Amino acid sequence: MNQLLREQILTIVARVPKGRVTSYGRIAKMTDGASARMVGAALRSLPDGHGLPWQRVVDASGRIADHPGADRQRRLLRDEGVLLDSRGRVSVDYFWP
DNA sequence: TAAGTGACGCGTG
DNA sequence: GCACGCGCCACTT
């Protein structure tokens, strides 16, 4: 993984306000050439205790991406006030920016 | 070296 | 809304 892009990705994730979410694709567009998949790859490789609000990253339609930590992600979002609908989706109103 | 594999996005039907 | 195909690109086999 390109080190510069990885740094940009993590920096952007760190800026997402509590109680808001953003998407892989939006983060990718804010970087200098990363793709949505690369954003996912960067988050996947994060070690435990990194402190980044990785749970605030969802897919373009507000769904929690299918990954090993999805359950934990849903709980963390709920705990910080992000409500999920009956189908486990975040309303577009929560999207940041 | 080639082929498979994703924490995705988007256009089509 | 759902299923498919394709682009994306670093990493693994």
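Right above here is the structure, for reference.
Quick caveat, the model's predicted, so the values are computed rather than measured.

1. Describing the protein's contact with DNA strand B
Right, on to step 1. Around DNA strand B lies a shell of 14 residues, among which G25, R37, W54, A60 and H67 are the nearest.
Right, on to step 2. Close to the protein, within 4 Å, the atoms of DNA strand B are drawn from sugar and phosphate at a rate of 49%.
Right, on to step 3. Contact distances for DNA strand B include 2.8 Å between a phosphate oxygen and a backbone N or O atom of G25.
Right, on to step 4. One of the backbone N or O atoms of A60 is found 2.8 Å from a phosphate oxygen in DNA strand B.
Right, on to step 5. At the level of elements, α2 (24-30) and α3 (36-44) are the ones that each hand at least two residues to the surface near DNA strand B.

2. Section: the protein's contact with DNA strand C
Right, on to step 1. As a structural note, the neighbourhood of DNA strand C is formed by M1, R37, M38 and R87.
Right, on to step 2. With respect to DNA strand C, the side chain of R87 contributes an N or O atom lying 3.0 Å from a phosphate oxygen.
Right, on to step 3. Taken together, the residues of the surface near DNA strand C sort by class into 2 nonpolar, no polar and 2 charged.

3. What to know about the nonpolar core
Right, on to step 1. Core analysis: the largest hydrophobic core is formed by 19 residues, its most contacted members being I9, I27 and L43.
Right, on to step 2. When residues of this core are traced back to their parent elements, those giving at least two are α1 (3-15), α2 and α3.
Right, on to step 3. In terms of residues, this core owes the most to one element, α1, which gives 5 residues.
Right, on to step 4. Once you skip the residues sitting within four places of it in the chain, L43 turns out to touch V13, Y24, W54 and V57.
Right, on to step 5. Of all hydrophobic cores here, the second largest spans 9 residues; its members include I64, V82, V90 and Y94.

4. Observations concerning the pattern of salt bridges
Right, on to step 1. Applying the stated criterion to the full structure yields 5 salt bridges.
Right, on to step 2. We note a salt bridge from R75 to D79, for which the minimum N-O separation is 3.8 Å. Placement of the pair is R75 and D79 together in helix α4 (residues 70-79), with a separation of 4 residues, close to one helical turn.
Right, on to step 3. Here D79 and R78 are joined by a salt bridge, their closest N and O atoms 3.8 Å apart.
Right, on to step 4. Exposure remark for R78: the relative accessible area of 54% places this residue in the exposed category.
Right, on to step 5. Salt bridges sharing partners connect three or more residues here, namely R75, R78 and D79.

Rules behind the numbers
- Residue numbers run consecutively from 1 along every chain, following the written order of its sequence.
- For naming, the first written chain is A and the first written ligand is 1, with later ones following in the order written.
- Two thresholds apply to this predicted model, a pLDDT of at least 70 for residue-level local features and 80 or more for giving and counting side-chain atom pairs, whereas whole-chain, interface and lining totals are computed over all residues.
- With hydrogens and water set aside, each side-chain value is computed from the structure's full complement of heavy atoms.
- Any residue with a heavy atom positioned within 4 Å of a molecule or strand is treated as near that molecule or strand.
- Polar contact criterion, stated in full: a pair of N or O atoms within 3.5 Å, where within protein one must be able to donate a hydrogen and the other to accept it, and residues adjacent in sequence count only if both atoms are side-chain atoms.
- By the criteria applied, helices consist of DSSP H or I runs no shorter than four residues and strands consist of E runs no shorter than two, each listed in order from the N terminus.
- Each residue gets one of three labels, nonpolar for Ala, Val, Leu, Ile, Met, Phe, Trp, Tyr, Cys and Pro, charged for Asp, Glu, Lys and Arg, and polar for the others, Gly among them.
- We call a set of buried residues a nonpolar core when its members are Ala, Val, Leu, Ile, Met, Phe, Trp, Tyr or Cys and they connect through side-chain atoms within 4.5 Å of each other.
- Only protein chains enter the accessibility calculation, which uses a 1.4 Å probe; a residue whose area is less than 20% of its type maximum is buried, one above 50% is exposed, and one in between is partly exposed.
- Contacts: residue pairs with any heavy atoms within 4.5 Å of one another.
- Here, a salt bridge means any side-chain nitrogen of Lys or Arg that lies within 4 Å of a carboxyl oxygen of Asp or Glu.

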